[in-house]
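Residue-level structural notes
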Amino acid sequence: MPNRQDVRHNVWLSGEFAEAEGRGELSIAYQPIVDMQTRRIVGAEALMRWHHGTRGAVSPNTFIGLAEPEGLLHGPGAFAIETALDDLAIWRAASDLADGLFVSVNVSPSQLEDQGLIDGLITTLDSRGLDAGDLHLELTETAPPPGPSGTAMLNRLHGAGFHIAIDDFGTGYSSLLRVQHLPCRSLKIDRGFTTDLATSATSRAIVRSTLQLARDMGLDVVAEGIETEDQRDFLHDNGCPMGQGYLFGKPATSDDFRRAFLNGSLTP
Ligand code: C2E
Ligand code: MG
Ligand code: MG
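One structure accompanies this document, and this report is about it. (Residues numbered from 1 in each chain as written. Chains lettered and ligands numbered in written order. Predicted model: local features only at pLDDT ≥ 70, side-chain atom pairs only at ≥ 80, totals over all residues. Heavy atoms only, no water.)

Our next topic: the overall build of the chain. If you tally the helices and strands in the chain, you get 10 helices and 9 strands. In terms of overall size, the chain behaves like a compact globule, its C-alpha atoms giving a radius of gyration of 18 Å where 268 residues would be expected to give roughly 18 Å. With the C-alpha coordinates of the chain rotated into their principal frame, the extents come out at 50 × 45 × 40 Å. The 268 residues of the chain split such that 48% are buried. Considering only contacts in the chain between residues 6 or more positions apart, those separated by 24 or more positions represent 67%. Surface exposure of the chain reaches about 12900 Å², of which carbon and sulfur atoms provide 51%. Charge-centre separation for the chain: the mean point of 21 positive side chains lies 4 Å from the mean point of 36 negative side chains. (Helix = DSSP H or I, 4+ residues; strand = E, 2+ residues; numbered from the N terminus. Rg over C-alpha atoms; globule rule 2.2 N^0.38 Å. Buried < 20%, exposed > 50% of the residue type's maximum accessible area, 1.4 Å probe, protein only. Contact = heavy atoms within 4.5 Å. Areas by Shrake-Rupley, 256 points an atom, 1.4 Å probe, with all protein chains shown as cover. Lys, Arg positive; Asp, Glu negative; His and termini not counted. Charge placed at Lys NZ, Arg CZ, Asp CG, Glu CD.)

Below, the structure written as structure tokens:
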């Protein structure tokens, strides 16, 4: 239970976050998503960063957790999508290696309530010469599942060719129900399972079953949080198609991402 001081601090921080975009304090970092067979980069997850004027960097888990229930993520959410698509267009212009690359952006449930979402996305893509398939939308399992209008929006997005990914798979209350009812194209195995691969037979079993489930359903998979070669090898040997984690690369600025990752070299 937060004490009164924490509550006051959180109210202050939410108010500051509401101003952050206007003050130019938000930016986007990119983390590579890698094909586990070829070890080449196939995509980039766009991760929001907030550098507050006096407090410095604030963790996304803190500000997203405060902003989402307050409905403060519409502007910043649109900023993340637009910035990611701008950067993808820049990388494509700079390197042939970015030709098939996708960007993957985290979307909060409240953004799905915006009835103008699809038209806005299509206009944003068109103006940059990009297609719906270039943009993956990650929906976290740690948030409550979308209600009827959010689910209807996901169906429309899926129908329009957007790639919907279930993020942090396995951490929600009803992971299997979500896979059954949401129109997803991929699952992102939560970092917690990857971290525990070396020590937990249960995590190994859950990861193997998730990979089998995804194969049976024709879904893609990204394993998150790969930090060691042993984790990478286990996932590769069990047929995990894609991976993400510090072993391959930490989140980086757009320029650093382009310089470090779009140069044709293989990741570890
Ligand atoms: P996520 O979408 O599951 O993103 C992955 C998080 O794991 C990122 O944390 C990333 O930096 C971290 N990570 C990746 N690989 C490793 C690894 O090998 N080891 C460890 N220890 N960590 C790793 P980050 O950037 O702090 O973001 C935290 C969460 O905040 C994200 O989790 C996502 O749920 C949320 N978030 C970030 N940006 C946005 C956004 O633009 N919109 C929304 N709605 N949520 C966002
Ligand atoms: Mg994510
Ligand atoms: Mg995740």
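Next up on the list: the nonpolar core. One finds Phe17, Trp91, Leu135, Leu157, Leu235 and Phe257 to be the most contacted residues of the largest nonpolar core, which totals 68 residues. In terms of residue count, helix α3 (residues 74-94) provides more of this core than any other element does, 6 residues in total. Residue contacts for Leu157: discarding those within four places in its chain leaves Leu112, Leu117, Ile118, Leu121, Leu137, Phe162 and Ile164. (Core = buried A, V, L, I, M, F, W, Y, C linked by side-chain atoms within 4.5 Å.)

What follows concerns the state of the cysteines. All told, the structure shown has 0 disulfides when counted by the stated rule. Cysteine Cys240 is unpaired, with the sulfur of Cys184 as its nearest cysteine sulfur at 15 Å. (Disulfide = S-S within 2.5 Å.)

Within the first shell, the magnesium ion (ligand 3) binds the protein through Asp167 (OD), Asp168 (OD), Glu224 (OE) and Glu224 (OE), at distances of 2.1 to 2.4 Å. The sequence pattern describing where the donors of the magnesium ion (ligand 3) fall on their chain is D-D-x55-E. Here the magnesium ion (ligand 2) and the magnesium ion (ligand 3) are spaced 4.1 Å from one another, each receiving a donor from Asp167. Of the two residues, Asp167 and Asp168, neither departs from the other in class, the shared state being buried. (Donors = N, O, S within 2.8 Å, 3.2 Å for Na, K, Ca; no water.)

By nearness alone, 22 residues border ligand 1, and Arg49, Asn106, Asp167, Glu227 and Tyr246 come closest of all. Measuring from an oxygen atom of ligand 1, one finds a side-chain N or O atom of Glu224 at 3.1 Å. In isolation ligand 1 has 800 Å² of accessible area, and contact with the protein removes 86% of it. If you map ligand 1 onto the pockets, it falls in the largest pocket. Elements that contribute at least two residues to the shell around ligand 1 include exactly β2 (41-52), α2 (60-67) and β6 (163-169). (Near = heavy atom within 4 Å. Polar contact = N/O pair within 3.5 Å; in protein donor to acceptor, adjacent residues only side chain to side chain. 1 Å grid on protein atoms, 1.4 Å probe; cavity = no way out; pocket = protein on both sides within 12 Å on 5 of 7 lines; lining within 4 Å. Sits in = over half its atoms within 2 Å of the grid points.)

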